[in-house]
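# Descriptive analysis of the structure
Each chain, letter by letter, is given below.
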Amino acid sequence: ILLAACGKNEKAAVPDVFHVKFTTTQGDFVVEATRAWAPRGVDRFHELVNMRYFDENRFFRVVPGFVAQFGVNKDYDVHDRWRKYFILDDPPKEKNLRGTLAFAQSDPNTRATEIFINLADNAALDAQNFVPFAKVVSGMEVVDKFYSGYGELMPEGKYIDPNRVENGTNAYLEPHFPKLDYIRRAGFLK
């Protein structure tokens, strides 16, 4: 993996399977990433965890029975750089079942940093080519507790503006949406 966005040129070896512990405002959960499911997605996830990209990320889109989304860096400059580093799509191998993680995307080959956790079995997302790359292996009850009072993003929802999330990151989210749960730290389990 080329860490070009960080100004680094070294390559990090990505294990076939690895675990990441997310320490959040509601408690801890653990994710197991599997390269065989989606090699490009897992490589990017590994790269982002390695650089602590997810630390202090808000769960800015929590829709009960659907998804909990994160992946906007606390620092706008970091987020702005990384949101432009798209990865090519992986062919789908797994289904968007409850507890699986997939990258958000707007079109083909537009996965970058934003990830959602499926809060239910979401077959409609399979049809839209959202490709799971990992699953929650412990702590799903923690994920279920994330604050969902702000609901879906605008225009379907009435509170959180996705454009302002992209362009303001935590400077927008923290003062306007103080009840959002967030990731204190995400790191590899040895």
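Heads up: the structure comes first, above all this text.
Now for a description of the structure that goes with this document. (Residues numbered from 1 in each chain as written. Predicted model: local features only at pLDDT ≥ 70, side-chain atom pairs only at ≥ 80, totals over all residues. Heavy atoms only, no water.)

## Describing the overall build of the protein chain
When helices and strands are tallied, the protein chain shows 5 helices and 8 strands. Scaling as 2.2 N^0.38, a compact globule of 190 residues should have a C-alpha radius of gyration of about 16 Å, and the protein chain matches this with 15 Å. Here the protein chain holds 190 residues, and the buried ones make up 52% of them. Long-range pairs, those at least 24 residues apart, make up 67% of the contacts in the protein chain between residues at least 6 apart in sequence. In the structure as shown, the protein chain presents an accessible area of about 9000 Å², 50% of it carried by carbon and sulfur atoms. Here the protein chain contributes 25 positively and 26 negatively charged side chains, and the mean placements of these two sets differ by 3 Å. (Helix = DSSP H or I, 4+ residues; strand = E, 2+ residues; numbered from the N terminus. Rg over C-alpha atoms; globule rule 2.2 N^0.38 Å. Buried < 20%, exposed > 50% of the residue type's maximum accessible area, 1.4 Å probe, protein only. Contact = heavy atoms within 4.5 Å. Areas by Shrake-Rupley, 256 points an atom, 1.4 Å probe, with all protein chains shown as cover. Lys, Arg positive; Asp, Glu negative; His and termini not counted. Charge placed at Lys NZ, Arg CZ, Asp CG, Glu CD.)

## Overview of the side chain of asparagine 57
Structurally, the position occupied by asparagine 57 is in the loop between helix H1 (39-50) and strand S3 (61-63). Within the structure, asparagine 57 has its side chain in polar contact with the backbone oxygen of tyrosine 53 (distance 3.1 Å). Among the polar contacts listed, one links the side chain of asparagine 57 to the backbone oxygen of valine 72, at a separation of 3.2 Å. Those residues in contact with asparagine 57 that lie beyond four places of it in its chain are Phe70, Gly71, Val72, Asn73, Lys74, Asp181, Tyr182 and Ile183. (Polar contact = N/O pair within 3.5 Å; in protein donor to acceptor, adjacent residues only side chain to side chain.)

## Thoughts on unusual backbone geometry
With the exception of glycine, the majority of residues adopt a negative phi angle, and the majority of peptide bonds are in the trans configuration. Following methionine 154, the chain continues to proline 155 via a peptide bond in cis, the omega torsion being 10°. By the element assignment, proline 155 lies in the loop between helix H4 (140-143) and helix H5 (162-176). Phi is positive for arginine 52, which is not a glycine, with a value near 60°. Following the sequence through the fold, arginine 52 ends up in the loop between H1 and S3. Although it is not a glycine, glutamate 56 sits at a positive phi angle of roughly 70°. Along the chain, glutamate 56 falls in the loop between H1 and S3.

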